[in-house]
2 protein chains.
Amino acid sequence: MDRISAMAKAIKEPDRSLMERAQARLDNLTKPPGSLGRLEELAKILVGITGKETPILKNKVIFTLAGDHGVTDEGVSAYPKAVTAQMVYNFLSGGAGINVLARHAGARVVVADMGVAEDLRPGAGLIVRKINYGTKNMTKGPAMTRGEAVKAIEAGIAIFEEEFKDGIDIACTGEMGIGNTTPSSAIAAVLTGKAVSEVSGKGAGICEEALLKKIAVIEKAIAVNKPNPDDAIDVLSKVGGFEIGGLAGIILAAASKRVPVLIDGFISGAAALIAYKIRPMTKNYMIASHCSVEKGHRIILKELGLEPVLDLDLRLGEGTGAALALHIAEAGVKILAEMATFESANISKKVK
Amino acid sequence: MDRISAMAKAIKEPDRSLMERAQARLDNLTKPPGSLGRLEELAKILVGITGKETPILKNKVIFTLAGDHGVTDEGVSAYPKAVTAQMVYNFLSGGAGINVLARHAGARVVVADMGVAEDLRPGAGLIVRKINYGTKNMTKGPAMTRGEAVKAIEAGIAIFEEEFKDGIDIACTGEMGIGNTTPSSAIAAVLTGKAVSEVSGKGAGICEEALLKKIAVIEKAIAVNKPNPDDAIDVLSKVGGFEIGGLAGIILAAASKRVPVLIDGFISGAAALIAYKIRPMTKNYMIASHCSVEKGHRIILKELGLEPVLDLDLRLGEGTGAALALHIAEAGVKILAEMATFESANISKKVK
C-alpha cells in the first residue's frame, strides 16, 4: 500500500497557467475562436497535463492487460473462459482488433498476463505479472485477498514504469478477460451508488434472460462481500479483477509522470473509478476516449466528470476505442503547434 | 445540364451482394459480432461503394472550394468579405486548419476558386474555376443565373475528374466563403421544408441580435426569389453559392466513379442536399463525417438519412471534420482486411 500511496501523492495539479497561454494561442489561430471545438479543448488539456507548450504525442502506448474471473462459473458470459488465453495469443501474433487499430494509430501494444487462469506459453512481448490463476468466484467470498488487490495495482505501476523507460507521451488502457463486465458492473454499482441493474449490460452479447441472471449474480456478490465504498482497494479485492487493478495502477503511474491516459470502455472505466477513488486528482489526467454501448459506461463517465471523445457503438474493449481516439488527441496538439496565426497569415479579424 | 444529367445517370446502386459477404467476414473476425459498431458499418458501406472486397483508402483527397457571397452586404457575417481571399492564400501556404488536419490524415488538399470576389494571385496548386466575382445579393434577386448554377456544378465535376487522374480512393468536401452559412440555411429551408429559424445558426460567431437579422435576410431572399423546391438547380441559382454548386458537382462525380465522399459540415451538407435532389441514389455514396454545432446541420443529415461519425463541436468548415473522419473510415477497412478469424487464430466461439 505504501507504494500506491507514494504514487498517488506524487500526482500534482495540471499546469493551469500554461493552459491559459494555450487558450490565448488557440484564439489567435486562423479560425473563428472555439470553432475547432473539442480539438481545442483536448489541446489545452494535453498542455496542462504534460506541462509542455506544444506537446508531441510520438510515443503512444496501449496497455492491454488480461485476467480471468472465477465468477464465470455462474454462467455470466457469452464466451468460454478459455478465450482469455486464446485472445492473449492473438494479441501477441498481431491479429486482434487492438493490433490492427494500434498499427493504424502508430502505437505499440503492451500485453500483460495479470491473472489468466492457465500458464501461458512464453511469447515475444508477453509480460507475466500473474497475481493468481484467475480470481475466485465472488458470489462465494472475495474475488481476491486485499494483498492480491494491492499487488495487482503495484504490478500495473511497475509495468508502466518499465515501459516508460522507452518513452511514453500518451497511454491507452485496454483489457481482455472473459466475464470482466461482471466485476466492472459490481465496482460501478458500489462506487457510484447506482442500482446494479442500472450499470449492467449484455457484455460480449448475452441474451435478456442471461442478463437478469448476471444482475442477480452481481447483487449476490455485493451482498456476500459488503465492499466498503470508501475504500477502493477493498472494493477491488472483493468484487474486482486482476486486470482491473493493474489498469488502476497504470493510470496512477501515468498521472504521476504527467502522461495523459486515454481511458477505453466500460472495464477501463471501472479501473479509472478505482484510481479516482484512491486519488481524485487522477481524473485530470484522464481523457474518455469513447462511450461504450455497455450500459453503465455513461454513468461511470458522469461520476468521473468526463465527456467521451467518440461515440461509435463500440463494445469490444482491448483498448480499441482509446486507440481510435489517439488520432483525435494528436489532431488537437497539431492544431496548436502548426496552424498560422491571424498576424502571420495576414488575415483580418472578426468585425462583430 | 446535359453533362450533369449524364453524370447523375451514371450513378449506380452500391454492390449489395459484396456487402453481404463483407458482413459474413466481419462476423467471423476474432471479436463478438458487431462489437466494433460503426467501424464495421463503415467497412461494409465502403465495400459496397467501391465494389472491392477489401477497399484500400490510400489516395485521400479533400476538395476545399472557395466563393464569395453578395448577401454579406446585408451584414450577415462576423468577418469581412476579404477574409475569403485571405484564407485561400492561407490554404495555399499550408497554415489553415484543413492543411494541418490533411497532413495528419495523409490526405492532399485541392483548393479551387469557384467565385472569390477578387482576382487571386496565381499560386502553386490553386485551381481557378471562377464562375463570377461572388454571387449577387440574394435579397434583391437571384444569387446567380441558372446558367451560372449549371456551370458551378459542371466545374465541380471537372475538378473531380481532373484530380481523379492522379487517383482518389476517398474524397472529402470542404469550403471557404465568408457568409456561406446564409445561403446554406436558405437551401436547407427550401429543400427540407423547415422554417428558416430552425436551420439558421451563428455561423462563424455572430451575436443573438445579428442572428435574428440573418434569419430575416434569408426569409426575404426566399420570398423575393421563390426557389422551386422540386428543382435543385433553381434553388442553387436563386439562394445558393458557387462553392456550394461546385461541391454538389464533386459529390455527383465521386458517386459516378464509385468513390466514397465524406461530407463535412453544414455548408457541405447543403451541397449534399443539392446533389441528393438531383439524384437521390447519390446519398448511398455519402458518409456524414461529423455533426456541426451549426443549427440545421442535424436537420440536413436527417433529410439525407445519414448518421454522423463524429460529434466534436466543430464549426470551422474547410473540410476539417471530414479530414478527421478519414482515420475512422480507414480503421473500418483495416479491421476488415487485417483482423484474424476465429479459425485462423484458434479461438472458441460464442456459447450462448
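So, how was this worked out
- Residues numbered from 1 in each chain as written.
- Chains lettered and ligands numbered in written order.
- Predicted model: local features only at pLDDT ≥ 70, side-chain atom pairs only at ≥ 80, totals over all residues.
- Heavy atoms only, no water.
- Helix = DSSP H or I, 4+ residues; strand = E, 2+ residues; numbered from the N terminus.
- Rg over C-alpha atoms; globule rule 2.2 N^0.38 Å.
- Buried < 20%, exposed > 50% of the residue type's maximum accessible area, 1.4 Å probe, protein only.
- Contact = heavy atoms within 4.5 Å.
- Axes fitted to C-alpha atoms, helices over the stretch in contact; angles between N-to-C directions.
- Parallel < 35°, antiparallel > 145°, perpendicular 65-115°, else oblique.
- Left-handed = near helix turned anticlockwise from the far one by under 90°.
- Pairing = 2+ DSSP bridges.
- Least-squares fit on C-alpha atoms with pLDDT ≥ 70 in both.
- Buried area = accessible area lost by both parts, 1.4 Å probe.
- Salt bridge = Lys/Arg side-chain N within 4 Å of Asp/Glu carboxyl O.
- Nonpolar A, V, L, I, M, F, W, Y, C, P; charged D, E, K, R; others polar.

So, on to the overall build of chain A. Assigned secondary structure in chain A consists of 13 helices and six strands. On C-alpha atoms alone, chain A measures out to a radius of gyration of 20 Å, which is about the 20 Å that the 2.2 N^0.38 rule sets for 352 residues. Seen along its three principal axes, the alpha-carbon backbone of chain A occupies a region of about 70 × 40 × 40 Å. Going through the 352 residues of chain A one by one, you find that 64% of them count as buried. In chain A, the proportion of contacts linking residues at least 24 apart, taken out of those at least 6 apart, comes to 77%.

Residue and element names in this part refer to chain A. Contact geometry of helix α11 (residues 266–278) with helix α12 (residues 297–304) gives a least axis separation of 9 Å together with a crossing angle of 25°. One element, α11, and the other, α12, form an angle in the roughly parallel class. Handedness of the α11/α12 crossing: left-handed. In this structure, α11 contributes Phe266, Gly269, Ala270, Ala272, Leu273, Tyr276 and Lys277 to the contact, and α12 contributes His297, Ile300, Glu303 and Leu304.

This part is about the sheet that holds strand β2 (residues 108–115) of chain A. All names here are of chain A. Spatial ordering of the open sheet is given by β3-β2-β1-β4-β5-β6, a layout of six strands whose pairing is parallel. What marks the edges here is a single partner per strand, and that holds for β3 (126–128) and β6 (286–288). Pairwise comparison of adjacent strand axes, ignoring direction, gives a mean angle of 30° for this sheet. Contacts from helix α5 (residues 97–105) reach β1 (60–67) and β2, with the element oriented near 170° to β1.

A word on the relation of the copies chain B and chain A. The two chain copies are connected by a rotation around an axis plus a translation along it. The operation relating chain B to chain A is a screw motion whose rotation component is 180°, with 0.0 Å of axial translation and a residual RMSD of 0.0 Å. Expressed as a symmetry operation, the mapping of one chain copy onto the other fits a two-fold axis. Distance from the rotation axis, computed per C-alpha, reaches its smallest value in chain B at Leu310(B): 3.3 Å. Mapped onto chain A, 100% of the interface residues of chain B again fall at the interface, so both copies present the same surface.

So, on to the interface of chain B and chain A. Listed by partner, the interface residues are 59 residues for chain B and 59 residues for chain A. Between chain B and chain A, a total of about 5000 Å² is buried, with carbon and sulfur atoms accounting for 63% of that surface. Summed over the shared surface of chain B and chain A, the result is two salt bridges. A salt bridge links Arg103(B) to Glu338(A); the nearest nitrogen and oxygen atoms lie 3.0 Å apart. For the side of chain B that touches chain A, the elements supplying multiple residues, two or more each, are α3 (37–50), α4 (83–93), α5 (97–105), α13 (320–338) and α14 (342–345) of chain B. Among the elements that take part in the side of chain B that touches chain A, α13(B) stands out by supplying nine residues, more than any other. For the side of chain B that touches chain A, the class distribution of residues is 31 nonpolar, 16 polar and twelve charged.

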